[in-house]
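# Tertiary structure, described
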Amino acid sequence: LTVGWMDSVNTPFAGGDYLIVQYRPFAGNQTKNDTILAKCEATPERFLVSRTGDPRVTVASRLTDPDNAVWEVWRNDTLLGIILLDHVDPGVDARLHFVFFDDDLASKAAVLQAFMAQYFTLGFERLTLEVPEHMSTLIGFARKKLGFRYEGDDQRGARRERAYFDGAAWYDTVALRVLRGDA
């Protein structure tokens, strides 16, 4: 990632009633870091972490990878979740992941919209979201509340075949995107 891009994500910002701050996995409260890792490990599908091998190690590597950008989402003194960008191509695109620990996704539309607005001020043209096909609620939320559209011309969206393994079955992932100006 370019230094300019990373410098601009280091500053906390507000999204409605929420505060979004950069995640620093090797600093601060170890209990908080353990909570983040445990909650993310419990939902590996949100990071497209297949259940082959140790999901804790894979999730930890995503959270600490210096090429990824990760933020904590707070409301007052309560840590509500994290937002992660990977596959970052500065000025072009990044892939979005998010986990909210209370599983009340509907109430997080405003904070995700604020995050996306901030993201697009950094010069990106598009934002990508890949979701395992069986997570229809998340796909619907992304399309209806966040403005994502299916990638490509197919009404079902572009797919990566057999790209996610939940421990019992392989699933395709659905590619969604939002372009600058559409969010």
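Scroll up a little and you will see the structure.
Residues numbered from 1 in each chain as written. Predicted model: local features only at pLDDT ≥ 70, side-chain atom pairs only at ≥ 80, totals over all residues. Heavy atoms only, no water.

### Here we look at the overall build of the protein chain
Just so we agree on the cut-off: Numbering of helices and strands runs from the N terminus; a helix is a DSSP stretch of H or I covering at least four residues, while a strand is a stretch of E covering at least two. We take the radius of gyration over the C-alpha atoms and set the globule estimate at 2.2 Å times the residue count to the 0.38 power. Working definition: with a 1.4 Å probe on protein chains only, accessible area under 20% of the residue-type maximum means buried, over 50% means exposed, and in between means partly exposed. Note on contacts: a residue pair qualifies if any of its non-hydrogen atoms lie within 4.5 Å across the two residues. Calculation of accessible area relied on Shrake-Rupley with a 1.4 Å probe; when residues are assessed, cover is drawn exclusively from the protein chains displayed.
Helix and strand counts for the protein chain come out as 5 helices and 9 strands. When its helices and strands are written in sequence order, the protein chain yields α-β-β-α-α-β-β-β-α-β-α-β-β-β. Here the C-alpha atoms of the protein chain give a radius of gyration of 16 Å, agreeing with the 16 Å that 2.2 N^0.38 yields for 183 residues. Overall, the protein chain is about 45 × 40 × 30 Å in size when its C-alpha atoms are taken along their principal axes. Going through the 183 residues of the protein chain one by one, you find that 47% of them count as buried. Contacts in the protein chain between residues at least 24 apart in sequence constitute 60% of all its contacts with a sequence separation of at least 6. Accessible surface computed for the protein chain: about 9000 Å², of which carbon and sulfur atoms make up 48%.

### Remarks on the environment of L48
As for its placement among the helices and strands, L48 is situated in the loop between α2 (30-41) and α3 (55-64). In this structure L48 comes out as buried when scored by relative accessible area, which is 9%. A C-alpha to C-alpha distance of 12 Å links L48 and A175, two positions 127 residues apart in sequence. Those residues in contact with L48 that lie beyond four places of it in its chain are R62, R95, H97, E130, P132, Y164 and T173.

### A short note on the side chain of K108
Stated formally: Two N or O atoms count as a polar contact when they lie within 3.5 Å, although within protein this holds only if one can serve as hydrogen donor and the other as acceptor, and sequence-adjacent residues are included solely when both atoms are side-chain atoms.
Looking at the element boundaries, K108 is found in the loop between β5 (93-100) and α4 (109-120). Within the structure, K108 has its side chain in polar contact with the side chain of D102 (distance 2.9 Å). A polar contact of 3.0 Å, which involves the side chain of K108, links it to the side chain of S107. Residues contacting K108, with those up to four places away along its chain left out, are Y18, L80, F100 and D102.

### Examining the nonpolar core
What counts, and what does not: Throughout, nonpolar core names a set of buried Ala, Val, Leu, Ile, Met, Phe, Trp, Tyr and Cys residues whose side chains join them through atoms within 4.5 Å.
Of all hydrophobic cores here, the largest spans 37 residues; its most connected members are L85, L96, F98, F115, L127, F148 and L176. Elements with a contribution of two residues or more to this core: β2 (18-22), β3 (69-75), β4 (78-89), β5, α4, β6 (126-132), α5 (136-146) and β9 (170-179). Aside from chain neighbours lying at most four places away, what touches L127 is L85, D93, A94, L96, M116, Y119, F120, F148, L176, R177 and V178. One finds I36, V70, I82 and V99 within the second-largest nonpolar core, a separate group that totals 14 residues.

### Some details on α5
Residues L138, I139, G140, F141, A142 and L146 constitute the buried set of α5. For α5, the elements touching its buried residues are β5, α4, β6, β7 (149-150) and β9. Trailing α5 by a residue or two, G147 shows a phi angle of about 85°, which is positive.

### Some remarks on the packing of α2 against α3
Threshold: The angle between two axes is taken between their N-to-C directions and runs from 0 to 180 degrees, where each axis is a line fitted to C-alpha atoms and a helix contributes only its stretch in contact. Roughly parallel means an angle under 35 degrees; roughly antiparallel, over 145; roughly perpendicular, 65 to 115; everything else is oblique. Left-handed describes a crossing whose near helix is turned anticlockwise from the far helix by less than a right angle; the clockwise case is right-handed. Three residue categories are used. Nonpolar comprises Ala, Val, Leu, Ile, Met, Phe, Trp, Tyr, Cys and Pro, charged comprises Asp, Glu, Lys and Arg, and polar comprises the others, including Gly.
It is the contact of α2 with α3, at a shortest axis distance of 9 Å, that shows an interaxial angle of 120°. Between α2 and α3, the interaxial angle falls into the category oblique. Between α2 and α3 lies a crossing of right-handed hand. On the side of α2, the interface is formed by I36, L37, A38, C40 and E41, while α3 contributes P55, R56, V59, A60 and L63. Along the lines of polarity and charge, the residues of the contact of α2 with α3 split into 8 nonpolar, no polar and 2 charged.

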